[in-house]
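What follows is each chain in one-letter form.
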4 protein chains.
Amino acid sequence: MSDLSAAKAALKSQRIETPSWAYANSGTRFKVFAQKGVPRTPQEKLDDAARVQEVTGVAPVVALHIPWDRVDDYAALARHAEDLGLRVGAINSNVFQDDDYRLGSVTNPDPAVRRKAVDHLLECVDIMDATGSRDLKLWFSDGTNYPGQDDIVARQDRLAEALAEVYARLGDDQRMLLEYKLFEPAFYATDVPDWGTAYAHCRALGPKAQVVVDTGHHAPGTNIEFIVAVLLREGKLGGFDFNSRFYADDDLMVGAADPFQLFRIMFEVIRGGGLGPDTAFMLDQCHNIEPKIPAIIRSVMNVQEATAKALLVDVPALREAQRTGDVLGANAVLMDAYNTDVRPLLAEVREEMGLDPDPIAAYRRSGWAERIVAERVGGTQAGWGA
Amino acid sequence: MSDLSAAKAALKSQRIETPSWAYANSGTRFKVFAQKGVPRTPQEKLDDAARVQEVTGVAPVVALHIPWDRVDDYAALARHAEDLGLRVGAINSNVFQDDDYRLGSVTNPDPAVRRKAVDHLLECVDIMDATGSRDLKLWFSDGTNYPGQDDIVARQDRLAEALAEVYARLGDDQRMLLEYKLFEPAFYATDVPDWGTAYAHCRALGPKAQVVVDTGHHAPGTNIEFIVAVLLREGKLGGFDFNSRFYADDDLMVGAADPFQLFRIMFEVIRGGGLGPDTAFMLDQCHNIEPKIPAIIRSVMNVQEATAKALLVDVPALREAQRTGDVLGANAVLMDAYNTDVRPLLAEVREEMGLDPDPIAAYRRSGWAERIVAERVGGTQAGWGA
Amino acid sequence: MSDLSAAKAALKSQRIETPSWAYANSGTRFKVFAQKGVPRTPQEKLDDAARVQEVTGVAPVVALHIPWDRVDDYAALARHAEDLGLRVGAINSNVFQDDDYRLGSVTNPDPAVRRKAVDHLLECVDIMDATGSRDLKLWFSDGTNYPGQDDIVARQDRLAEALAEVYARLGDDQRMLLEYKLFEPAFYATDVPDWGTAYAHCRALGPKAQVVVDTGHHAPGTNIEFIVAVLLREGKLGGFDFNSRFYADDDLMVGAADPFQLFRIMFEVIRGGGLGPDTAFMLDQCHNIEPKIPAIIRSVMNVQEATAKALLVDVPALREAQRTGDVLGANAVLMDAYNTDVRPLLAEVREEMGLDPDPIAAYRRSGWAERIVAERVGGTQAGWGA
Amino acid sequence: MSDLSAAKAALKSQRIETPSWAYANSGTRFKVFAQKGVPRTPQEKLDDAARVQEVTGVAPVVALHIPWDRVDDYAALARHAEDLGLRVGAINSNVFQDDDYRLGSVTNPDPAVRRKAVDHLLECVDIMDATGSRDLKLWFSDGTNYPGQDDIVARQDRLAEALAEVYARLGDDQRMLLEYKLFEPAFYATDVPDWGTAYAHCRALGPKAQVVVDTGHHAPGTNIEFIVAVLLREGKLGGFDFNSRFYADDDLMVGAADPFQLFRIMFEVIRGGGLGPDTAFMLDQCHNIEPKIPAIIRSVMNVQEATAKALLVDVPALREAQRTGDVLGANAVLMDAYNTDVRPLLAEVREEMGLDPDPIAAYRRSGWAERIVAERVGGTQAGWGA
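Since this is a predicted model, take the numbers as computed values, not measurements.

## Describing the relation of the copies chain B and chain A
The operation relating the pair of chain copies consists of a rotation about an axis and a translation along that axis.
And then number 1: Between chain B and chain A, the superposition needs a rotation of 180° and an axial shift of 0.0 Å, giving an RMSD of 0.0 Å. In the structure described here, the two chain copies are related by an operation that fits a two-fold rotation axis. Considering only C-alpha atoms, the residue of chain B closest to the rotation axis is Arg29 of chain B, which sits at 2.1 Å.
And then number 2: Both copies contact each other with a shared surface, as 100% of the interface residues of chain B are interface residues in chain A too.

## Focus: the pattern of salt bridges
And then number 1: On inspection of all chains with the given rule, the structure shows 151 salt bridges over all chains.
And then number 2: Two residues, Arg70 of chain A and Glu123 of chain A, come together in a salt bridge whose shortest N-O distance is 3.0 Å. Note that Arg70 of chain A is positioned in the loop between β2 (61–66) and α3 (74–83) and Glu123 of chain A in helix α4 (residues 111–131), a separation of 53 residues in sequence.
And then number 3: The shortest N-O distance in the salt bridge between Lys8 of chain D and Glu348 of chain D comes to 2.5 Å.

## As for the packing of helix α9 (residues 292–311) of chain B against helix α13 (residues 359–366) of chain B
All names here are of chain B.
And then number 1: At a closest axis distance of 10 Å, the pairing of α9 and α13 adopts a crossing angle of 160°. Accordingly, the angle class assigned to the pair α9 and α13 is roughly antiparallel. Here the hand of the crossing between α9 and α13 comes out right-handed. Contacts between α9 and α13 involve Ile293, Pro294, Ile297, Arg298 and Met301 on the former and, on the latter, Pro359, Ile360 and Tyr363.

## A word on the interface of chain D and chain A
And then number 1: Across the boundary between the two partners, chain D contributes 51 residues, which contact 52 residues of chain A.
And then number 2: Roughly 4200 Å² of surface becomes buried between chain D and chain A when both sides are summed, with 61% attributable to carbon and sulfur atoms.
And then number 3: Linking chain D with chain A are 6 salt bridges, by the criterion used here.
And then number 4: The residue Arg233 of chain A makes a salt bridge to Asp157 of chain D at a minimum N-O spacing of 2.6 Å.
And then number 5: For the interface between chain D and chain A, the tally reads 16 residue pairs in polar contact (both at pLDDT 80 or more).
And then number 6: Of all elements in the fold, only α5 (152–169), β7 (189–190), α6 (195–205), α7 (224–233), α8 (259–271), α10 (315–323) and α11 (327–339) of chain D reach the threshold of two or more residues within the side of chain D that touches chain A.
And then number 7: Among the elements that make up the side of chain D that touches chain A, the one with the highest residue count is α6 of chain D (7 residues).

## Regarding unusual backbone geometry
And then number 1: The step from Glu184 of chain B to Pro185 of chain B runs through a cis peptide bond, and the omega angle for that step is 10°.
And then number 2: Structurally, Pro185 of chain B can be placed in the loop between β6 (175–179) and β7 (189–190).
And then number 3: Geometrically, the link from Ile66 of chain C to Pro67 of chain C is a cis peptide bond, its omega value of 20° lying close to zero.
And then number 4: Its location among the elements puts Pro67 of chain C in the loop between β2 (61–66) and α3 (74–83).
And then number 5: Its identity is not glycine, yet Asp251 of chain D carries a phi of approximately 60°, on the positive side.

## Side note on the sheet that holds strand β2 (residues 61–65) of chain D
Two strands in a sheet stick together by hydrogen bonds in their backbones, pointing the same way (parallel) or opposite ways (antiparallel).
Residue and element names in this part refer to chain D.
And then number 1: With parallel pairing, the 8 strands of this closed barrel are ordered in space as β1-β2-β3-β4-β6-β8-β9-β10. Pairs of neighbouring strands in the sheet enclose a mean axial angle of 30°, with direction left out of account.
And then number 2: Note: strand β4 (residues 135–138) against strand β6 (residues 175–179), 4 bridges, orientation parallel. By the bridge assignment, Lys137 is partnered in β6 with Leu177.

## Let's talk about the side chain of Thr279 of chain B
And then number 1: Note that Thr279 of chain B resides in the loop between α8 (259–271) and β10 (280–283).
And then number 2: With near-sequence residues (within four places) excluded, Thr279 of chain B lies in contact with Leu237, Gly238, Gly239, Phe240 and Gly274 of chain B.

## Looking at the sheet that holds β10 of chain B
Residues and elements named next belong to chain B.
And then number 1: If you trace the 8 strands once around the closed barrel, you get β1-β2-β3-β4-β6-β8-β9-β10, paired in parallel fashion. In this sheet, neighbouring strand axes are inclined to one another by 30° on average, regardless of whether the strands run parallel or antiparallel.
And then number 2: The sheet contact formed by strand β8 (residues 209–214) and strand β9 (residues 237–242) spans 4 bridges and is parallel. Residue Val213 lies in a different strand from β9, and its bridge partner there is Phe240.
And then number 3: Strands β4 (135–138), β6 and β8 of the sheet are contacted by helix α5 (residues 152–169), whose axis makes an angle of about 150° with β6.
And then number 4: Together, β9 and β10 form the strand contacts of α8, whose direction differs from that of β9 by roughly 160°.

Rules used in this analysis
- Starting afresh in each chain, residues are numbered from 1 along the sequence in its written order.
- Just so you know, chain letters begin at A and ligand numbers begin at 1, following the order they were written in.
- Totals for whole chains, interfaces and linings use every residue, but because this is a predicted model, local features are given only for residues with pLDDT of at least 70 and side-chain atom pairs only at 80 or more, for both listing and counting.
- The side-chain values count all of the structure's non-hydrogen atoms but skip hydrogen atoms and water molecules.
- Here the copies were fitted onto each other by least squares, based on C-alpha atoms from residues at pLDDT of at least 70 in both.
- Whether two residues are in contact is decided by their heavy atoms: any pair within 4.5 Å suffices.
- When a carboxyl oxygen of Asp or Glu is within 4 Å of a side-chain nitrogen of Lys or Arg, the pair counts as a salt bridge.
- Secondary structure elements follow DSSP: runs of H or I of four or more residues count as helices, runs of E of two or more count as strands, with numbering from the N terminus.
- Lines fitted to the C-alpha atoms define the axes, with helices restricted to the stretch that makes contact. Angles between their N-to-C directions range from 0 to 180 degrees.
- An angle below 35 degrees is treated as roughly parallel, one above 145 as roughly antiparallel, one from 65 to 115 as roughly perpendicular, and anything else as oblique.
- Each crossing gets its hand from how the near helix is turned against the far one by less than a right angle, where anticlockwise is left-handed and clockwise is right-handed.
- Summed over both partners, the accessible surface that disappears when two parts come together, traced with a 1.4 Å probe, is what is meant by buried area.
- For the purposes of these results, a polar contact is taken to be a pair of N or O atoms within 3.5 Å, where, inside protein, one atom must be able to donate a hydrogen and its partner to accept one; residues adjacent in sequence count only when each atom of the pair is a side-chain atom.
- Strands qualify as paired when DSSP identifies two bridges or more between them.

Here it is, written out as structure tokens:
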């Protein structure tokens, strides 16, 4: 099998997980601009996700967020997904939007609040059981805004205790994915601020606990692909929350701010053997001003383009240049792949998959955008609050 | 007059402006935690501001925000302020919370939206006339999220045109204060991202246009006191939006994150002759998790402490050390003032002003906190949306 | 003339200026790794620069640095350049490497040191006269390491005075290019830290004073293309010091760290009418570990590739998408150009210029690298100190 | 024992380690400004360190750097230290200043270079044996400047292998302290860039491997005290390299840039039980423009002042406020300690230790500064290169 056909095969088998909440309204603390046609229910979010899968062929998995996607019958929701050619991905817990969580959830000084938070996490595992989801994704907004507000170490102890209880509840084929974030909404000390903290907790918990890298959650200047490479070396990379940023956690479309960085990340993923199903390639984005479905399609395409370029790196030439200390030569091998226009290759891949070579055009032609604006009238649009 | 009595006199005449919206609910994009007793009307915000003035004696000015403080009769609102021993400070325009402003206000590609935005700014000048306010404060969230989304230069041209129209409307004793901000809510290119841009526009407009420095609106590593010094040298410092930050625009209490920076800023203010009434010393903070009135009192006190320390710098000794190139000696003169505990001095100042030496304790004793929780039942709490 | 032929014409007429010091040894404060074959004299630096011009055809200008390129007869040096098909570009002053400059040069508290510094700047104008150079490039490392060390405003006053004296000395066709830098080697307050400060001084001086944008001299998160656009709008962009960085002033090859940013910068240059000879496109890089001449060739090519992509943007389509508020469409137009592989186009351009389509290969074949290693034996290699 | 006497006892038993190289010349890549009287030999560095100990009483330990402090007889050097009332602290290895290390030391692609680097590290353990030093401090400048230059994971493997060999060589009472650094001199990917990487290696090695926190080695916005707290919780904090920074690794005097941060760090040290001898409190600074010995004395005093303030925190009141969720109250408890002027307390401590209450004045009076300028004539001043 030639390198090109291997690359095509890898591109066809790649799976990108889209988040239910990206189909709903989002915004900044200053304003949420509502968009017409936005889903009002978890089912409608899945309907939109099915359109993304229809035109891309690599996005059959949809992450849910509890309570934003709370339903009475999760098994029925999973069947709805299945009927649409989808399956349920990560279950994202939410322990940051109740008034009780003002001073934290699992790290709150108040044991009653901690109990409530852990109970919610355990409920999420129940939902995993009901939906067949493999991954429990944990992001804690917990932290403090002012020095002295709470004890940093005590909060770590409480965190460890909560994680241990949830870890014990996981089934044999289930995983816990722990996400870190530098800041926001906590502004002084976040309880899981960096990969080191997430890694230390996951290592202590065991093999079912893995780290999630959200590409928008780092300090300026952080080398994200280094973290990816190290986590893969340690067997601790559970997945990604993809998005892009110029400043902080901007949650723009992945690949929009620094496509070269995305390429370098995908190169380390491939080099570390992480392109397969054990890594969850999730999007986590906010389409505050742009239409949501096309933005998600575009994001999926951006990940595909970065992956394709990374697959085209001439690794033997790279290794030889590295081995001989040829700095410019090694860099040139990498840049040659990056500078390649892979859009024709991806068009071919899509055609071989029976898809339109241009997913955006295919979506436009489908009339879905006009249909949801016409049909989704009344009711309450979904957003971060519901 | 000794240096100490000069310092005391300066501290007594200092004026700190509190923002009406800081008395209301605020939060992050993730959650607004409502607090009991929060005002429901502009009048109630002023009632709370009066408590801050009552115990500090240096905060008699209250900035308003339109439309959050929209009332039918602005003259009546100004009289309500006056009855409470307050006066109306800056009128803050808001051209970021209408759906029309999704792609910008005064820089929007759509001329109809620009017209609407400019009309709002002109309305704010009407409100200044009605309330006796001197300062129109302009912060534009305008910008773009994606490269290519709009033309950077065309947006500058539209901005200049809008500012010119508003500038022409200002009365003889009125000013336009233009604020800059690195990012958020725009994530790729903000139209007024830095002091250089604000300065260039203000210079082109004329003497009534001045720059506002929000201490949370800079890139990491920016030397804010340098900007303050340069703006004062150019005659273009209109005022401050004080708050503090560890990461981005965190809007924590001023002095909470880096009190030494606040001291250095106040030192440059004093050195540049900017401590008087031509500089508006405004707070602009979000008390997301802490009680609002005590947080504002504490913030006023933090500004006072930084000012007191800056006033205590032995300037002749500093100048001599600087002149002779004594690096450590000059730094030591500055640090001597910073390391001084000025709380006893401020207690004296307060007693000489007929105030309690401990404003926080005085507020606690007043029973106001309990009273507003008991009385402000029903209605809609004020927040960023209203 | 088609768009493609216009793009080709623009690419053929583009001029990139290489710095004499990039051919010499450089390093970090930790270590300078000497390379074999490095020039020992200004003449040998020009010999190397001629090789870059030979294979790229767009780099006939070489910036000099005084005193690193000090010679007895500057007219002879200029003739040597001319004989090699080169001309002398910017004269870079150096007022940071004498022991006298420990506390600053033109902003030093000691008037004798300031006099010495200004005299050096005036000498640089003499050298411009002798060499036919148009641009005096001023970078001041001046600043302070500790708060209080010197008076920020007094230093601005001294700076303004020095600049005014030098400005008055400029000939009719000469310019002063003022560079800013956030930090390093000053660590507390740099006297020209940002574009706003450089702009304010240049505006006060007059039309012959222009700002230089060094792409490595900004705080994290700064939008450099915004600054470029604004300076062009104000008629104050004098030129670039190109390089790239992941963290601070890393001085890596331009385009190596964030090629998308370089593309965006070149797009704003073209949009603002700045691609012509009034903008000096200089490299300012340190090839600490890689061979210097090939690194400079590669850098020139990287600038060409970014320029080519920027020239390919479908501007009418972009403007239409911007006008109608089509966020994703406008972004897609820009990305289409960026994602194009322009290497074939540039190969064509080179062939039409009578050059080898592959400059790196042509340089390799020339045997120059081996020749300088063999011939440049003995003597003192050039570096930042000489 | 009262809290105050406990604080005094802690301050008296505190030990701060000064680095031999801080007494020597240092600078930036732009210029090293030589200072008169600077030591020419390791012995003279110790002579200067003895002056710091003489006036502060808490700095009897001196870190050495190999090869900068290379001598024929290390036992004799240790005796010289002892005669001066000093002892040898950490042995700092240097695998970054040989031409062989251009592409790395222990992570170099060339096995011969790796062998050389490991041999140097083993030699440093020999020197520890000879001098009675407990700590081997490892800082690796290893990394890459360009994407693709070398394989990130392979470099981690080589690093792990080298560390394991050195770890095996350590004696029972010896430790390995592994330092991390975000960037510089490597500009793309540093091999030990963050605490997570250092922690993962130290954990794999065993209990004698500990992490060193250099306060200047983090990305902007990093919460250093959080890292300190977490490392102490994991039993992995080996010590500090203290200095301060506004931007990058500025290596200014500790406490000069953000004294509140230093206080918060010391508070977490005390809270985590890390004030004792198991934590090495080392300075690692560059006194580029200020006189070195007074700068080091000042630095020691700054650490003492931060420690004193941290010791004065009313911990029971803090815990009670934290337990009850009193955000402002808890913050106020911390700030009360920070705002205290502890200089009188430290003057008392010094007098009780038989020292002058003002170490700077005592040093000035000693005449040492004038003596070394007069006596240290000729020879080669020590610096980073020797």
